[in-house]
Structures are given as structure tokens and as C-alpha cells.
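# Per-entry structural report
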Amino acid sequence: PWCFPVMAELKLIAAHLPELPPIIIAYRNSYAAGFVQILDQGIESGELRPDIHPTTCADALVALVEGALLNCYPADMTDTTPVTRCLDAFVARLIE
């Protein structure tokens with residue numbers, strides 16, 4: 001989880017350092033691709049609804065996780081309650 005606040009800071013300074021955006025985009029794309037693989041496996045196994053769009057859901061998951069983790073920062077990075085609460089609600093929609 002420590003990398004999320006770091007990524008948020010990098011995004012803020014990326015406007016001033018043109019070499020950063022491609023690195024940030026590559027990180028985000030690889031992160032989302034991992035979610036796509038997991039979602040595809042869940043659809044194929046019947047654990048997730050067949051009508052979901054893995055790429056769209058992966059984009060939403062990246063935004064949800066990054067945003068939820070920013071809610072934890074800097075107060076207490078060990079309290080992942082906001083992250084867990086958001087992810088539980090999201091996953092509930094995937095399996096309905």
C-alpha cells in the first residue's frame with residue numbers, strides 16, 4: 001500500500017517532469033492488466049457474472065483502490081477499512 005501515496009505524489013509532479021507520465025501510464029496499465037486477467041478467470045470459472053466487461057471493471061478497480069487507499073493516507077496506512085469496504089461493495093456487484 002505504501003506505493004499508492006508515492007504514485008499520487010508522482011502524478012502531481014508529472015506536470016513538471018515530462019519523463020514521468022509514460023512511467024506512470026505503464027505502471028497503471030500493468031496494474032489494470034492484472035485485474036483484467038483475474039476478472040477473465042472469474043468469468044470463465046463462473047464465479048463472476050458473464051455480462052461484465054473486464055477492461056471497464058479493471059479501470060474501475062484501479063480507480064477504486066487508488067482512491068480508497070488515499071483515504072487511509074497519511075493517518076494510518078494499517079487501517080484498510082475504507083479499502084475493504086469499497087472492494088466488498090464492488091465485488092458484490094460482480095457476483096450478483
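What counts and how
Residues numbered from 1 in each chain as written. Predicted model: local features only at pLDDT ≥ 70, side-chain atom pairs only at ≥ 80, totals over all residues. Heavy atoms only, no water. Helix = DSSP H or I, 4+ residues; strand = E, 2+ residues; numbered from the N terminus. Buried < 20%, exposed > 50% of the residue type's maximum accessible area, 1.4 Å probe, protein only. Areas by Shrake-Rupley, 256 points an atom, 1.4 Å probe, with all protein chains shown as cover. Patch = residues over 30% accessible without salt bridge, like charges linked within 9 Å, V, L, I, M, F, W, Y side chains within 5 Å. Salt bridge = Lys/Arg side-chain N within 4 Å of Asp/Glu carboxyl O. Expected span 1.5 Å × (residues − 1). Arc of directions from axis to C-beta. Phe/Tyr/Trp six-rings, centres within 6.5 Å; stacked < 30°, edge-to-face > 60°. Core = buried A, V, L, I, M, F, W, Y, C linked by side-chain atoms within 4.5 Å. Contact = heavy atoms within 4.5 Å.

## Structural notes on the overall build of the protein
Each helix and strand counted, the protein has four helices and zero strands in total. Each helix (α) and strand (β) of the protein, taken in turn from the N terminus, gives the series α-α-α-α. Counting across all 96 residues of the protein, residues that qualify as buried make up 29%. As displayed, the protein offers around 6,200 Å² of accessible surface, 64% of which is attributable to carbon and sulfur atoms.

## Considerations on a nonpolar patch on the surface
Taken together, the side chains of Leu-12, Ile-13 and Leu-17 present a nonpolar region at the surface, about 260 Å² in accessible area. One can find Leu-12 in helix α1 (residues 3-13).

## Some thoughts on the environment of Ile-25
Within the secondary structure, Ile-25 sits in helix α2 (residues 20-45). Judged by relative accessible area, which is 49%, Ile-25 ranks as partly exposed. With 14 residues separating them in the primary sequence, Ile-25 and Lys-11 have C-alpha atoms 9.9 Å apart.

## As for the pattern of salt bridges
The tally for this structure, following the rule as stated, stands at two salt bridges. The salt bridge involving Arg-28 is made with Asp-59; its shortest N-O contact spans 2.5 Å. You can see Arg-28 sitting in helix α2 and its partner Asp-59 sitting in helix α3 (residues 54-72), a full 31 residues away along the chain. Residue Arg-28 is classed as partly exposed on the basis of its relative accessible area, which comes to 24%. The shortest N-O distance in the salt bridge between Arg-49 and Asp-51 comes to 2.9 Å. Look at Asp-51 and you get exposed, because its relative accessible area is 57%.

## Section: helix α4 (residues 81-95)
Look at α4: 21 Å from first C-alpha to last across 15 residues, which is about the 21 Å you get at 1.5 Å a residue. Within the sequence span of α4, burial applies to Pro-82, Val-83, Phe-90 and Leu-94. Projected onto a plane normal to the axis of α4, the buried residues spread over an arc of 105 degrees and lie on a single side. Of the exposed residues in α4, those oriented more than 90 degrees away from the buried face are Arg-85 and Ile-95.

## Structural notes on the packing of aromatic side chains
For the coordinates displayed, the defined rule picks out two aromatic pairs. Taken together, a centroid distance of 5.2 Å and an interplanar angle of 40 degrees make the contact between Tyr-31 and Phe-35 tilted. Of this pair, Tyr-31 and Phe-35 both sit in helix α2, four residues apart, which is roughly one turn of the helix. Grouping aromatic residues by their ring pairs yields a cluster made of Tyr-27, Tyr-31 and Phe-35.

## Points about the nonpolar core
One finds Phe-35, Leu-39, Ile-52, Cys-57, Ala-58 and Leu-94 to be the most contacted residues of the largest nonpolar core, which totals 14 residues. Looking at this core, the elements that each hand over two or more residues are α2, α3 and α4. Excluding residues that lie within four positions of it along the chain, Phe-35 makes contacts with Ala-58, Leu-61, Val-62 and Val-65.

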